[in-house]
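Structural description and commentary
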Amino acid sequence: MRDAAPQTIYLKDYTPFGYLIDSVSLTFKLHPTETRVLSRIAFRPNPDATDKTFFLHGEELKLISAKIDGAEVSPVLTDEGLTVDVPSAPFIWEAEVEISPSTNTALEGLYMSNGMYCTQCEAEGFRKITYYPDRPDVMATFDVRVEGTEKVMLSNGNPGATGDGFAEWTDPWKKPAYLFALVAGDLINHPGSFTTRSGKDVELNIYVRPGDEDKCAFGMQALKDSMKWDEDVYGREYDLDIFNIVAVDDFNMGAMENKGLNIFNSSCVLASQATSTDADFERIEAIIAHEYFHNWTGNRITCRDWFQLCLKEGLTVFRDAQFTADMRSEPVKRIDDVIALRARQFQEDQGPLSHPVRPEEFQEINNFYTATVYEKGAEVIGMLKSLVGHDAYYKALDLYFERHDGDAATIEDWIKVFEDSTGRDLAQFKRWYSQSGTPKVSVSEAWDADAGTFTLHFSQSTAPTPGQDVKDPRVIPIALGLLNPNGDETHPTQIFEMTEAEQSMTFTGLGARPVPSILRGFSAPVMLEQDIDNSRRAFLLAHDTDAFNRWEAGRELARDTLLKMILEDAAPDAAYLEGLKRVVTDTSLDAAYRALMLNQPSETELAGVIAEMGHTPDPVKIHTAAKALSKAKAESLADALPALYADNQPNGDYAPDAGGSGQRALANAAMSLMGKLGDVGKARAQYASADNMTQQIAALATLVREGEGDAEVQAFYDQWQEDRLVINKWFGLQISLAKPEETAAVTERLTQHPDFDMKNPNRFRGTLGALAANHAGFHHESGAGYKLLADWLIKLDPLNPQTTARMCTSFQTWKRYDDKRQALIKSQLERILAVPNLSRDTHEMISRILG
Ligand code: TRP
Ligand code: ZN
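Residues numbered from 1 in each chain as written. Chains lettered and ligands numbered in written order. Predicted model: local features only at pLDDT ≥ 70, side-chain atom pairs only at ≥ 80, totals over all residues. Heavy atoms only, no water.

Right, let's talk about the packing of helix α18 (residues 693-705) against helix α19 (residues 710-720) for a bit. Interaxial distance between α18 and α19 falls to 10 Å at its minimum, and their mutual angle equals 150°. It follows from the interaxial angle that α18 and α19 lie roughly antiparallel. Where α18 approaches α19, its residues M693, Q696, I697, L700, L703 and V704 are matched on the opposing element by E712, V713, F716, Q719 and W720. Each residue belonging to the contact of α18 with α19 can be placed in one class, and the counts come to eight nonpolar, two polar and one charged. (Axes fitted to C-alpha atoms, helices over the stretch in contact; angles between N-to-C directions. Helix = DSSP H or I, 4+ residues; strand = E, 2+ residues; numbered from the N terminus. Parallel < 35°, antiparallel > 145°, perpendicular 65-115°, else oblique. Contact = heavy atoms within 4.5 Å. Nonpolar A, V, L, I, M, F, W, Y, C, P; charged D, E, K, R; others polar.)

Next comes the structure, spelled out in structure tokens:
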């Protein structure tokens, strides 16, 4: 619970802990309400630290006994930990505490999920397990003994002795407490093995609840692919005899990279044809890779303090994106990532929660596992890679691993590695880590026909963000190429390094005015403003050799026509519809890519763009325009839809690979457009015959969207009511497709459903998160959506602060909207803030959102 005055922690205040740890031994005597944790820790004074206060974090612990060098001591206890006098020479700390996993609904520390014990310690959960210096720069080797009656009892590292009622584990690698993990339960393992390139055999397991055994094979393959990829691309081998993954139903986030014992939200590891969509398969593959890659970028090299979170997260997201691009389609992965970046990170940067990739202050670190730290953090690494080049990047990474293995490192260390290995001065580049906000880059063109020269003039600026009024120019790598008027590429992609507020680049010796293709591959996370018309965009849509920019041209046409429909009541743009038709029916293009071309900016994204233009977004108009454009696309493509549908039914057995997924995406998009024309026959037939979740749920969505799906909604529930992950989809689908005026009521009704369980974050997010994601429904002028979400956040906060605080971000865009909506939201935010004993997590989020 929150202190009277919430405390702010600052990066500038960092000091090392006064003591080092030589070893940690833990014994767990498991019991649902009275688990005993015995710790024996060898401390010695840290010669590099001046402050010798011996403070151990500890929260919600019942201290049974504490000893120093075998003698009982009486520490001073507070809600946050203990302090005690200690010798100025090495000493042994021993403590016994009692905790109650079965009543731990925060899902942090040791808790129970469906009768199984599990832990979540990042960022600061270990302090709910025992007294400890719970900070990432305190690293130690751990020996663990688990005593209990469970069939399976796991911890980090390599297995040791086991016997009746106990199991021992030893982790030879030093680690911070946030990487500690313990799992115990009646689990079943799906086994596998991997031989590293130096010939070491590693035992692999995915542990699941009985009944889920048939959903492990895909994850196991993804794990092996990840292990191989990290050897091939980064030269990184696995370093223990065993690697375990456990699936847990009740989990606050996606997954956790605990050393040798990754714990996953079951939705991020369990996969089967019947229950998972193609998108689920791809996400699962990426998350398994992400957590595995943390073994080097996060575990072997960890963070000095939590301000450095992007050191491990940005780099690991960048690595998992490289992996997915290699496993599947590089342009499709890039486009997907940019769509997500704009939807989540740009939105964060445009509002009251904007913060640097490396924040400099926080109250609750759990509130900083954000799109900025993760996704923009990965973009920063992508920029660094394009600036130094492929070979120099991998050379720098080799140096990073060599120099910092075993360290708790900082962004300064990371930058220094690149400076030392490339000889570049990266002082200005480092602004990407300290300045918040999304830069705007404007481009204008000048053509001198007589001289045959073409000049691109760039300017950059970043609007002020909370706490940062003045922004300095950043280093922006702008990938660009030139096409001639016939559409042939005359100048292949090169990187223009922008460093000034204003800068030009000139091409000489040209026979005709070229067409530039700028910010290819989305080479920097900026908003590009180009003074070009739709015929130029249509030209790039037809001819650009850069797959990303070709998609981008179509995307901008779609955005433009939507904006004109919303702001000027214009009709859908004919040139856009024509261009779209050409691309979508071009069978020389990848099906996945054509499917991406067919989708349009989300209503939330449009609201953001309209706000950036200085207008007030009207959710009703946006919704009406989005629907009208879908209808217009359907009409314009009417003749082509039956073939698009029929020709993209993958042959043979279902496989969740790039090819099959792309075809299903395109066929499903065609099916959905047919629905817009009043033809739901294909959808009804597909629903009845589908042998996979991708096709089943896409058919259901089309039926529901057209108001023709009542029977199928019931049938879907009847078929899947025993499968928690599928039922999450069932809750979410009904809410995301509800009509604006019915969204709050549909959500409310579903929260009364016997299967609604607020304690399960997946179910809570699947329901209330879907409400917030239904833009027109959430922002319905009645304010019913705002109130319903606030009601549930208030109910959840005492049980699970982390998930509550994370979902408060649904309100972060409130200042975009009209006075009436602002007033409605503000009163809900103030109502939440006034709740007595609000958690520190939620208190910080709501205060920041209110501004
Ligand atoms: N480090 C994890 C990852 O990115 C994420 C994480 C942080 C997390 N805190 C968590 C996961 C709490 C679950 C619960 O891979
Ligand atoms: Zn991560």
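Attention shifts here to the domain arrangement of the chain. In terms of domain boundaries, the chain breaks down into domain 1 (1-102 + 111-185), domain 2 (302-434), domain 3 (452-524), domain 4 (532-634), domain 5 (638-720) and domain 6 (723-851). Using C-alpha coordinates to define each centre, domain 1 is positioned 51 Å away from domain 5. (Domains from an automatic or database assignment.)

So, about the packing of aromatic side chains. Within the structure shown, the criterion is met by 47 aromatic pairs. For the ring pair F43 and F91, a centre distance of 5.5 Å and an interplane angle of 20° mean the geometry is stacked. You can see F43 sitting in strand β3 (residues 35-45) and its partner F91 sitting in strand β9 (residues 91-99), a full 48 residues away along the chain. As far as the burial class goes, F43 and F91 line up, both buried. Judged by centre distance (5.5 Å) and plane angle (55°), the rings of F548 and W551 are tilted. One end of the pair, F548, and the other, W551, are both in helix α10 (residues 547-568), three residues apart, so they sit about a helical turn from each other. Note on F548: relative accessible area 3%, which makes it buried. A relative accessible area of 1% means that W551 is categorised as buried. Of note, R300 hangs over the ring of W173, and the distance from its end group to the ring centre comes to 3.8 Å. The ring centre of W432 lies 4.7 Å from the NZ or CZ of R474, which sits over that ring. (Phe/Tyr/Trp six-rings, centres within 6.5 Å; stacked < 30°, edge-to-face > 60°. Buried < 20%, exposed > 50% of the residue type's maximum accessible area, 1.4 Å probe, protein only. Lys NZ or Arg CZ within 6 Å of the ring centre and 35° of its normal.)

For helix α21 (residues 743-751), the full list of buried residues reads T743, A744, V746, T747, L750 and T751. Each buried residue of α21 sits inside an arc of 165° when the element is viewed along its axis, so together they form one side. Where α21 is buried, its residues touch α20 (724-736), α22 (761-773), α23 (775-778) and α24 (784-796). (Arc of directions from axis to C-beta.)

Another aspect to go through is the state of the cysteines. Counting across every chain of the model gives zero disulfides. C268 carries a free sulfur, and the closest cysteine sulfur to it, the one in C216, is 14 Å from it. (Disulfide = S-S within 2.5 Å.)

Let's shift gears to the side chain of K633. You can see K633 is positioned in helix α14 (residues 619-636). For the buried residue K633, which engages in no salt bridge, the nearest side chain bearing the opposite charge is E603, 11 Å off. Apart from the residues lying within four places of it in its own chain, the contact partners of K633 are Y576, L577, L580, L598, N599, Q600 and L673. (Lys, Arg positive; Asp, Glu negative; His and termini not counted. Salt bridge = Lys/Arg side-chain N within 4 Å of Asp/Glu carboxyl O.)

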